[in-house]
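One-letter residues, chain by chain:
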Amino acid sequence: MTTPTVYVIHENADWMPPFRAAFEAEGVPLTEIDLGETGSTVDLGSEPAPGIYWSRMSASAHTRGHVHAKEDTRALLRWLESWGERVVNGSSVLELEVSKVAQHGLLRSHGFDVPRTTAVLGRDGLVEAARAFEPPFITKHNQGGKGLGVRRFDTHADFDAHVASDDFEEPVDGITLIQEYLAAREPFITRAEFVGGRFVYAVRVDTSAGSFELCPADACAVPDPSGGDAVEPFALRPKINADHPLVRRYEALLAEAGIEIAGIEFIETADGRTVTYDVNTNTNYNPDVEAVSPVSGPRSIARFLGGLLAEHEDAADTVFQRA
Ligand SMILES: Nc1ncnc2c1ncn2[C@@H]1O[C@H](COP(=O)(O)OP(=O)(O)O)[C@@H](O)[C@H]1O
Ligand SMILES: [Mg+2]
C-alpha cells in the first residue's frame, strides 16, 4: 500500500518552491499532481491513493497555456470526492475560484458590502451595459486572477473605443464584469489570509503605482524597467488582526462555504465603505511579508494539512484494528 501523503493539485510549478520548503521544514510529506503536464489517466473504478488532497488550481491557469486545467481539476475532484476522500478546497471551492460572479454572490448573500457589478455575457452587450455606470468604472474578467482584464475607464468614449479595438481581451469564459470604481481612502488594498479557516495575517498592498496586477508570489515579480530597485508594495498590516470584526466575519463566511485556504481582498474607500471584492482560494504569499511576519502562510498550510494527515492515519489505524 502507498504511504499516505498530502497531495497538492496544481498547474504551476513556479509557485511551488515556498510550499515544498515549508512542508519539508514541517516534516510533512507532499506529492505534487501537476495538471500543467498532460497525459494522466484516472481509472474511475479504482480507489484513490490514501492521503489528504489539496486543490490549488488557479483561475489564471489558461494564461500559462493550461487551457484545460480547470476542467481537469473538476474531473479529478469529482472522482476524489466520489470516493469520500478528504479534499481541502474541493470542487465547490474550485467553482468559486474561477468565477468572480460566484464570489460576488457569496459575499453579497452573507451581507458584505460588495462593488456594484454587472456581468456581461459576451462582447455585444458591453457598451450598453457600461452606460449604467458613471465613469470612472472598471472591467475585469469573470475568470480572473492576477488582474486579468482589469482596466479603468474614465469616459464612455474610451470604453467604446476599447471594446471595438484589438486591445480588447476576450475573457476565457466569455464573461466580462463592469464594476464601479472604488476610490480608496489611502492608496492600498488589504488582503487577509486564512488557513484551515483561521486568520493568518493581513497584507497591505500599495496601489499608488496604479497597477491592477497584484500577484504576491516571488515568481510573479516584474523587474523594474528602469533597472532600479522596484518599490516593494507588500507589507504586513498588523492592525487587521484575528480579533478584528471584519476578520471574524470572514472566518464565519469561510466556515459556512467550506473554504479552508483563502486570501480575501478589501478596499477602504474615501467615502467610508469597506468593500470586499476578491476571494482567492489559490493563494501565494509574498516573500517580504513572510520575512517579517511572526507566522508563515506556507508553514501554516503545511501544519494544517500535516494535522489532517495525522488524523487520517489515526482513523485508518482504528479501522485496521477493528478489522
Ligand atoms: N472595483 C474596484 N475599484 C478599484 N480598484 C479595484 C476594483 N476591483 C479591483 N481593483 C484593483 O484591481 C486589483 C485586481 O482586481 P481583483 O478583483 O482582485 O482581480 P484578481 O482576481 O485578478 O486579483 C485589486 O487588487 C485592486 O487593486
Ligand atoms: Mg485580487
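Not measured: the values here are computed from a predicted model.

*Asks:* Explain the domain arrangement of the protein to me, and be specific about the residues and the numbers.
*Replies:* In terms of domain boundaries, the protein breaks down into domain 1 (5-97 + 301-322), domain 2 (117-180) and domain 3 (184-292). Distance between the C-alpha centres of domain 1 and domain 3: 24 Å. When the two sides are added together, the surface that domain 1 and domain 3 hide from each other amounts to roughly 1,400 Å², 55% of it contributed by carbon and sulfur. When the buried surface of domain 1 facing domain 3 is broken down by residue, Trp15, Asn89 and Ile301 rank first, second and third, together holding 34% of it.

*Asks:* Let's hear about the site of ligand 1: which residues, and what values?
*Replies:* Taken together, 20 residues form the shell around ligand 1, and within it Lys100, Lys140, Gly147, Leu182 and Asp278 come nearest. One of the backbone nitrogen or oxygen atoms of Leu182 is found 2.8 Å away from a nitrogen atom of ligand 1. For ligand 1, whose unbound accessible area comes to 540 Å², protein coverage reaches 96%. Those elements giving two or more residues to the shell around ligand 1 turn out to be strand 6 (137-141), strand 8 (175-180), strand 12 (261-268) and strand 13 (274-280). Among the residues making up the shell around ligand 1, the classes are represented as 10 nonpolar, four polar and six charged. Residue assignment places the shell around ligand 1 across two domains, with domain 2 (117-180) and domain 3 (184-292) each supplying three or more.

*Asks:* Kindly report on the environment of Asp34, identifying the contributing residues and their values.
*Replies:* Counting through the fold element by element, Asp34 comes out in strand 2 (residues 30-34). Assessed through its relative accessible area of 18%, Asp34 is described here as buried. For the pair formed by Asp34 and Met57, sequence separation is 23 residues and the distance between their alpha carbons is 9.8 Å. Excluding its chain neighbours within four sequence positions, the residues that come into contact with Asp34 are His10, Glu11, Asn12 and Ala13. At a separation of 2.8 Å, a polar atom in the side chain of Asp34 contacts the main-chain amide nitrogen of Gly36.

Definitions and limits used
- Residues numbered from 1 in each chain as written.
- Chains lettered and ligands numbered in written order.
- Predicted model: local features only at pLDDT ≥ 70, side-chain atom pairs only at ≥ 80, totals over all residues.
- Heavy atoms only, no water.
- Domains from an automatic or database assignment.
- Buried area = accessible area lost by both parts, 1.4 Å probe.
- Near = heavy atom within 4 Å.
- Polar contact = N/O pair within 3.5 Å; in protein donor to acceptor, adjacent residues only side chain to side chain.
- Areas by Shrake-Rupley, 256 points an atom, 1.4 Å probe, with all protein chains shown as cover.
- Helix = DSSP H or I, 4+ residues; strand = E, 2+ residues; numbered from the N terminus.
- Nonpolar A, V, L, I, M, F, W, Y, C, P; charged D, E, K, R; others polar.
- Buried < 20%, exposed > 50% of the residue type's maximum accessible area, 1.4 Å probe, protein only.
- Contact = heavy atoms within 4.5 Å.

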